[in-house]
Amino acid sequence: MADSLLNKDKNKGKRNLLERKEEVKPKEAFNRSSLFTVDESQQDKFDQRKEPIQKSVKGKTTTIRCAADTSHRLNAIITSFSLNSVNELLEILLDNYEASLTQDERREIKTLQEVYQRKSIK
């Protein structure tokens with residue numbers, strides 16, 4: 001088959017598929033000098049697009065039981081606000097809730113948290 005495409009004598013009426021009609025040029029040319037330089041205007045745009053730093057949790061995961069309706073609500077909120085996981089949503093909700101507590105209540109929660117962490121290590 002390749003021979004029939006390349007052989008012009010046999011295919012006089014047919015166009016050779018391997019010949020290009022026009023020269024193909026790239027949209028942008030590569031410039032080695034711009035490869036290692038930083039354009040300040042683009043850097044400002046990049047800084048504005050930068051998302052806030054998120055907490056990375058590398059600890060052990062667990063399961064928490066909840067009602068199916070609660071699970072559906074959590075998943076709906078995650079989808080609506082483009083969050084990554086239920087864990088991320090819970091972190092946001094817990095941070096907001098703890099911010100509304102008094103200093104004594106926060107201290108009590110921190111103490112109980114340490115107790116639960118010690119129990120889970122054993």
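Residues numbered from 1 in each chain as written. Predicted model: local features only at pLDDT ≥ 70, side-chain atom pairs only at ≥ 80, totals over all residues. Heavy atoms only, no water.

Visitor: Describe the overall build of the protein chain, with residues and values.
Guide: Broken down by element type, the protein chain carries six helices and zero strands. Start at the N end of the protein chain and walk to the C end: the helices and strands fall as α-α-α-α-α-α. Here the protein chain, with 122 residues, has 7% of them falling under the buried criterion. Counting every atom, the protein chain has about 12700 Å² of accessible surface; 53% of that belongs to carbon and sulfur. (Helix = DSSP H or I, 4+ residues; strand = E, 2+ residues; numbered from the N terminus. Buried < 20%, exposed > 50% of the residue type's maximum accessible area, 1.4 Å probe, protein only. Areas by Shrake-Rupley, 256 points an atom, 1.4 Å probe, with all protein chains shown as cover.)

Visitor: How would you explain the packing of helix H4 (residues 68-80) against helix H5 (residues 86-99) if you had to name every residue and give the values?
Guide: Their axes nearest at 10 Å, the elements H4 and H5 cross at an angle of 90°. The orientation of H4 relative to H5 falls into the category roughly perpendicular. Along the contact surface, H4 presents Leu74, Asn75, Ile77 and Ile78, while H5 presents Val86, Leu89 and Leu90. Across the contact of H4 with H5, the residue classes tally to six nonpolar, one polar and no charged. (Axes fitted to C-alpha atoms, helices over the stretch in contact; angles between N-to-C directions. Parallel < 35°, antiparallel > 145°, perpendicular 65-115°, else oblique. Contact = heavy atoms within 4.5 Å. Nonpolar A, V, L, I, M, F, W, Y, C, P; charged D, E, K, R; others polar.)

Visitor: Account for a nonpolar patch on the surface, naming residues and giving values.
Guide: Judged by side-chain polarity, Ile64, Val86, Leu90, Leu93 and Leu94 come together as a nonpolar surface patch covering roughly 430 Å² of accessible area. Structurally, the position occupied by Leu94 is in helix H5. Looking at Leu94, the relative accessible area reads 47%, which means it is partly exposed. (Patch = residues over 30% accessible without salt bridge, like charges linked within 9 Å, V, L, I, M, F, W, Y side chains within 5 Å. Salt bridge = Lys/Arg side-chain N within 4 Å of Asp/Glu carboxyl O.)

Visitor: Describe the layout of surface pockets, with residues and values.
Guide: Considering only enclosed or pocket space, the largest pocket measures out at about 1200 Å³ in volume. Lining the largest pocket are 27 residues; nearest its centre among them are Thr62, Ile64, Asn87, Glu91 and Leu94. For the lining of the largest pocket, the secondary structure elements donating two or more residues are H4, H5 and helix H6 (103-121). Here the lining of the largest pocket gets eight residues from one element, more than from any other, and that element is H5. When the residues that make up the lining of the largest pocket are grouped by side-chain class, the tally is 11 nonpolar, 11 polar and five charged. (1 Å grid on protein atoms, 1.4 Å probe; cavity = no way out; pocket = protein on both sides within 12 Å on 5 of 7 lines; lining within 4 Å. Points joined across faces, edges and corners; volume = space filled by probe spheres on them.)

Visitor: Can you break down unusual backbone geometry residue by residue, with the values?
Guide: One non-glycine residue with positive phi stands out, namely Ser82, at about 55°. With respect to the secondary-structure elements, Ser82 resides in the loop between H4 and H5.

Visitor: Quick rundown of the pattern of salt bridges? Include the residues and the values.
Guide: All chains considered together, the criterion is met by one salt bridge. Of the charged contacts in the structure, one is a salt bridge between Asp104 and Arg107, with a shortest N-O distance of 3.0 Å. On the criterion of helical spacing, the pair formed by Asp104 and Arg107 is a turn pair, its members being three residues apart in helix H6. A relative accessible area of 52% places Asp104 in the exposed class.

Visitor: I'd like a rundown of the confidence of the model for the protein chain, residues and numbers included.
Guide: Of all residues in the protein chain, 65% have pLDDT values of 70 or greater, and the mean over the chain is 78. The least confident element of the protein chain is helix H1 (residues 2-6), whose mean pLDDT is 56; the most confident is H4, at 93. (pLDDT = per-residue confidence, 0-100.)

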